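Spelled out, the chains give:
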Amino acid sequence: MVSPAGNTSGTEAANSSKPLPPHPTAATATAITIPDNSTTHTSAPIINTKPGASIYSKPLMLTAYDKYVLGFSMTHLWRCPSKTILIPLFRQNFRAEKHLDIGVGTGFFIGDALAERLAKDEHLMPLERDQDSKLVQPEIEITLMDLNAVALEKAKGRIMGVVNKHKAARAAACGHGHGNVGSGSGKKSGHARANVASGQTTVKVTTIQADVLDKSLVFPHGKLSEISSKQFKSVSMFNLLHCLPAAPEAQGGQEIKNRAFKLAAACLADNGVLVGCTILGQKYIANPSRPSSSGGTGSGSGVPVRKGGSVGRTTSSKKQPLILERGMTWTVMKWYNATGVFGNWADEREGFEKGLRENFEVVETHVEGCMLLFNAARPRRSEL
């Protein structure tokens with residue numbers, strides 16, 4: 001479920017009192033139906049996810065989420081402001097043609113990036129040929145994956161709201177009347193589809209309710225094999241990993257979270273890009289930002305990781321935080337870990353870098369405040 005930093009998938013998997021086994025299994029699979037969708041996705045539960053998820057199913061939490069979590073907390077607790085760092089990072093790596101967002105929160109980042117894309121360069125998208133060989137605008141396909149059904153619906157509604165607003169603006173500019181966007185509204189469906197404007201880009205939204213740590217999701221015949229075969233151009237996981245539970249060191253410790261990178265690698269196209277951020281553990285509370293780290297098999301092959309307002313650049317101060325600021329951050333992080341909202345107390349940059357490099361040939365990371373920002377490209381095609 002969404003963490004107080006903007007993501008839902010992992011929080012529902014957090015349970016500090018019950019360590020996650022290295023190879024979780026379940027005697028029976030649980031069928032989960034997403035509200036307002038007719039598509040049912042089956043997911044074998046890993047651990048009891050109810051305690052960590054329940055708070056985010058409350059309307060008040062998601063209502064206050066953007067201002068408190070993405071506003072106050074990111075700026076004053078984790079020292080990585082959304083406006084100057086996280087929003088540019090997401091935008092620069094968002095490839096709307098086929099995008100997968102894992103851990104959706106309220107849909108804030110993807111809604112913002114889609115709005116920018118539609119307003120800025122809709123007409124610059126390369127045309128494709130349909131089944132009749134006619135040149136048409138390509139579809140924008142967005143898949144949302146999260147463990148929390150309420151968050152999924154919130155994010156889907158936000159995306160469709162962006163599309164409706166864009167269509168209304170275009171219709172007004174062209175002298176057309178306003179109209180409803182979305183074919184088949186009112187019907188239950190696993191997909192939402194909207195024509196941005198007549199003859200223009202179509203936006204398709206698919207929701208998947210699942211736990212990112214569930215090993216049964218991935219190839220060769222996992223429950224996500226259908227969406228994995230789509231070969232996403234970009235995958236995002238913002239504020240997801242710090243919500244996932246860490247296992248005891250004897251059972252893998254922080255490395256249990258690196259399953260998320262394996263899933264992302266399986267879903268990405270060869271020229272796709274992974275982008276994300278996560279709050280690191282207590283040892284980073286007092287640390288100023290540190291240099292970026294990159295690694296790969298060399299330049300000149302594949303598609304480079306997109307930079308610009310992102311991983312390779314630091315825009316905030318590297319000053320040591322004040323004692324009062326460190327105390328507030330320590331207290332909040334400790335409380336979140338004690339209650340199961342976070343599972344990141346011992347999370348370190350090196351552990352995530354290891355997981356990224358095991359699954360991608362090109363990796364860039366950067367620490368900003370308490371946050372790890374990362375890009376990865378050229379997924380390794382190992383047996384899953």
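Computed from a predicted structure; not experimentally measured.

Can you walk me through the side chain of Asn 93 in this structure?
Tracing the backbone shows Asn 93 in helix 3 (residues 82-93). Side-chain polar atoms of Asn 93 contact the backbone oxygen of Leu 89, separated by 2.8 Å.

In this structure, what is going on with the environment of Lys 98? I would like to understand it.
By the secondary structure assignment, Lys 98 is in strand 3 (residues 98-102). A relative accessible area of 24% means that Lys 98 is categorised as partly exposed. Linking Lys 98 and Glu 139, residues 41 residues apart in sequence, is a C-alpha distance of 8.4 Å.

Just to check I follow, could you spell out helix 2 (residues 59-77) for this structure?
For an α-helix the count is 3.6 residues per turn, leaving residues at separations of three or four pointing the same way. Compared with an ideal rise of 1.5 Å per residue, which puts 19 residues at 27 Å, helix 2 spans 24 Å between its outermost C-alpha atoms and falls more than 12% short. Turning to helix 2, its buried residues number three or more, namely Met 61, Leu 62, Tyr 65, Val 69, Leu 70, Ser 73, Met 74 and Leu 77. Of the residues trailing helix 2, Arg 79 is marked for its positive phi of about 55°.

Hey, could you run me through the packing of aromatic side chains in this one?
When we look at a pair of aromatic rings, we describe it by the centre distance and by the angle of the planes. Enumeration over the complete set of coordinates arrives at 12 aromatic pairs. Pairing Trp 330 with Trp 345 gives two aromatic rings, centres 5.7 Å apart and planes at 80°, and the pair type is edge-to-face. Of this pair, Trp 330 sits in helix 8 (residues 323-339) while Trp 345 sits in the loop between helix 8 and helix 9 (349-359), and the two are 15 residues apart along the sequence. Overall, the relative accessible area of 40% leaves Trp 330 in the partly exposed class. Given a relative accessible area of 24%, Trp 345 falls into the partly exposed group.

Looking at this model, I keep getting lost on helix 9. Mind explaining?
Among all positions in helix 9, only Arg 349, Phe 352, Glu 353, Gly 355, Leu 356 and Asn 359 are buried. On an axial view of helix 9, the arc spanned by its buried residues comes to 165°, and they lie on one face.

What's the story with the nonpolar core in this structure? I'm lost.
It is characteristic of soluble globular proteins that their nonpolar side chains tend to be buried jointly. Counting residues in each nonpolar core, the largest one holds 46 residues, and the members touching the most others are Trp 78, Leu 86, Leu 114, Leu 144, Ile 159 and Met 371. Top element by residues in this core is helix 5 (residues 149-174). It accounts for seven residues. Contact partners of Trp 78, with chain neighbours within four places excluded, come to Ser 73, Ile 279, Thr 329, Val 332, Met 333, Tyr 336, Phe 342, Glu 368, Gly 369, Cys 370 and Met 371. Counting 32 residues, the second-largest nonpolar core is a separate cluster that includes Met 145, Ala 260, Leu 263 and Cys 267.

What should I look at first to understand the packing of helix 7 (residues 259-267) against helix 9 in this one?
Think of two packed helices as two axes; the pair is described by the angle between the axes and how far apart they sit. Look at helix 7 against helix 9: their axes get within 9 Å of each other, and the N-to-C directions meet at 25°. Between helix 7 and helix 9, the interaxial angle falls into the category roughly parallel. As helix 7 runs across helix 9, the sense of the crossing is right-handed. Here helix 7 contributes Phe 261, Lys 262 and Ala 265 to the contact with helix 9, which in turn contributes Phe 352, Gly 355, Leu 356 and Asn 359. Residues of the contact of helix 7 with helix 9, tallied by class, amount to four nonpolar, two polar and one charged.

Which parts of the structure should I look at to understand the pairing of strand 10 (residues 268-279)?
Remember that side chains alternate between the two faces of the sheet whenever the strand is regular. Most of strand 10 sits out of view: 10 of its 12 residues are buried. The pairing of strand 9 (residues 232-238) with strand 10 spans six bridges and is classified as parallel. Note that in strand 10 the partner of Phe 238 across the bridge is Cys 277. With seven bridges joining them, strand 10 and strand 13 (residues 371-379) adopt antiparallel strand pairing. Within strand 13, the position partnered with Ile 279 by the bridge is Met 371.

What counts and how
Residues numbered from 1 in each chain as written. Predicted model: local features only at pLDDT ≥ 70, side-chain atom pairs only at ≥ 80, totals over all residues. Heavy atoms only, no water. Helix = DSSP H or I, 4+ residues; strand = E, 2+ residues; numbered from the N terminus. Polar contact = N/O pair within 3.5 Å; in protein donor to acceptor, adjacent residues only side chain to side chain. Buried < 20%, exposed > 50% of the residue type's maximum accessible area, 1.4 Å probe, protein only. Expected span 1.5 Å × (residues − 1). Phe/Tyr/Trp six-rings, centres within 6.5 Å; stacked < 30°, edge-to-face > 60°. Arc of directions from axis to C-beta. Core = buried A, V, L, I, M, F, W, Y, C linked by side-chain atoms within 4.5 Å. Contact = heavy atoms within 4.5 Å. Axes fitted to C-alpha atoms, helices over the stretch in contact; angles between N-to-C directions. Parallel < 35°, antiparallel > 145°, perpendicular 65-115°, else oblique. Left-handed = near helix turned anticlockwise from the far one by under 90°. Nonpolar A, V, L, I, M, F, W, Y, C, P; charged D, E, K, R; others polar. Pairing = 2+ DSSP bridges.

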